[in-house]
Amino acid sequence: MKALDLYKKLPKKNCGKCSLKACMPFAISVIKGDTPLEECPLLLPEEINLLKPSLVQGDWREELILKLSAEIKTLDLAVIAPGIGAEMQGSDLKLLCFGREFFITPEGTIKTEGIMTPWIRILILHYIRTAGKDELSGRWVSYSELKAGMVKHSSFVRECEEPLLELFRNDFEKSVTALQRLEATKGKGFPTEDAWTLYLLPKVPMAILYWPDEEEFPARLKVLFDSTADTFLDVESIMFLVEGLVKNIEMMDSR
Ligand code: SF4
């Protein structure tokens, strides 16, 4: 199904209740696999069930999920759990991601309450498969200092730091409230008082540093990571993690 075909089947109210705020961008995002159909509260469960099988979105994502799940099956979850900051609950691995509990079975199936997109499943499976086990260093570094981060640096600025900066500039209170909902705490020892640290995954802390507009200096924002972050996730997945944070803040007023 193409985005336009999906659009024709949406309520077409442009009511703004989904994170995309209008039906056409919503249809495009669903087809890309970035947004679940369930985000439109005006669609009835029966309509969602009818539409889902015709979405061609994310075929490669589903393939990747199957591949990653197969790799997870070969791992001893109980052995890797302590290293990645997870714990076992029966035979399942329990992991916190974006403040939400996810349960991963030995077969690599992920369970959680609420909506789960293919992207979050891929992120979690990557994190488990990487099976990092470093102690956090407590040394903050920029994205470009992580392994292979330099190559992706400009994408990270464009997809993560610039959108976050816009969110902070446009609605500082909302952005801070969103961070607090994710249990961010005020950061200490940073070169700005508007600094927060948070854990979107147990072993991938990040720091967000914000400098508001001042007379001759425009606002700035920087995201930092513990120097061990690249032993728990590759830089593409780290970028996706921060993109997820951007989306989380954007969506806050539609919940
Ligand atoms: S929630 Fe989004 S997709 Fe659904 S009707 Fe409103 S604007 Fe359209």
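Residues numbered from 1 in each chain as written. Predicted model: local features only at pLDDT ≥ 70, side-chain atom pairs only at ≥ 80, totals over all residues. Heavy atoms only, no water.

Draft legend 1. A look at empty space enclosed by the protein. Scanning the model with the defined rule gives one cavity of 30 Å³ or more in all. When its volume is computed, the largest cavity comes out at roughly 80 Å³. Residues belonging to the lining of the largest cavity are distributed by class as follows: nine nonpolar, two polar and two charged. (1 Å grid on protein atoms, 1.4 Å probe; cavity = no way out; pocket = protein on both sides within 12 Å on 5 of 7 lines; lining within 4 Å. Points joined across faces, edges and corners; volume = space filled by probe spheres on them. Nonpolar A, V, L, I, M, F, W, Y, C, P; charged D, E, K, R; others polar.)

Draft legend 2. The site of the ligand, seen in detail. Around the ligand, the surrounding shell holds 13 residues, and the nearest of these are C15, G16, C18, C23 and C40. Considered class by class, the residues forming the shell around the ligand number nine nonpolar, two polar and two charged. (Near = heavy atom within 4 Å.)

Draft legend 3. Seen up close, the layout of surface pockets. Approximately 1300 Å³ is the volume found for the largest pocket. What lines the largest pocket is a set of 43 residues, among which D34, T117, F240, G244 and K247 lie closest to the centre. Every element with two or more residues in the lining of the largest pocket is listed here: α2 (23-32), α4 (59-73), α6 (118-130), α7 (149-170) and α9 (235-251). A per-element tally of the lining of the largest pocket places α9 first, with 12 residues. (Helix = DSSP H or I, 4+ residues; strand = E, 2+ residues; numbered from the N terminus.)

Draft legend 4. Examining the nonpolar core more closely. Grouped together as the largest cluster of nonpolar side chains are 61 residues, with contacts concentrated most on I128, L164, F225 and L245. At nine residues, α9 tops the list of elements feeding residues into this core. Viewed by domain, this core spans two of them, domain 2 (59-130) and domain 3 (140-254), each represented by three or more residues. With residues up to four places along the chain from it excluded, the contact list for F225 reads R139, W140, V141, Y143, L146, F156, P205, M206, I238 and V242. (Core = buried A, V, L, I, M, F, W, Y, C linked by side-chain atoms within 4.5 Å. Buried < 20%, exposed > 50% of the residue type's maximum accessible area, 1.4 Å probe, protein only. Domains from an automatic or database assignment. Contact = heavy atoms within 4.5 Å.)

Draft legend 5. Structural view of α7. Along α7, the helix axis deviates most sharply at F156, where the bend reaches about 50°. Along α7, the positions that sit buried rather than exposed are G149, F156, C160, E161, L164, L165, L167 and F168. Buried positions along α7 lie against α8 (172-181), β7 (195-199), β8 (205-211), β9 (220-226) and α9. (Bend = angle between axes of the 7 residues up to and from the residue.)

Draft legend 6. Looking closely at the domain arrangement of the protein chain. Here the protein chain is described as being made up of domain 1 (3-54), domain 2 (59-130) and domain 3 (140-254). Computed from C-alpha atoms alone, the centre-to-centre distance between domain 2 and domain 3 is 24 Å. With 14 residues of domain 2 in contact, the opposing surface of domain 3 contributes 16 residues. The three residues of domain 2 that bury the most area against domain 3 are F98, L123 and Y127, which together make up 53% of that side's buried surface. For the pair domain 2 and domain 3, the interface holds zero salt bridges. The tally of links from domain 2 across to domain 3 stands at three residue pairs in polar contact (both at pLDDT 80 or more). Going through the elements one at a time, β2 (92-97) and α6 are the ones with two or more residues in the side of domain 2 that touches domain 3. Residue contributions to the side of domain 2 that touches domain 3 peak at six residues, all from α6. (Buried area = accessible area lost by both parts, 1.4 Å probe. Salt bridge = Lys/Arg side-chain N within 4 Å of Asp/Glu carboxyl O. Polar contact = N/O pair within 3.5 Å; in protein donor to acceptor, adjacent residues only side chain to side chain.)

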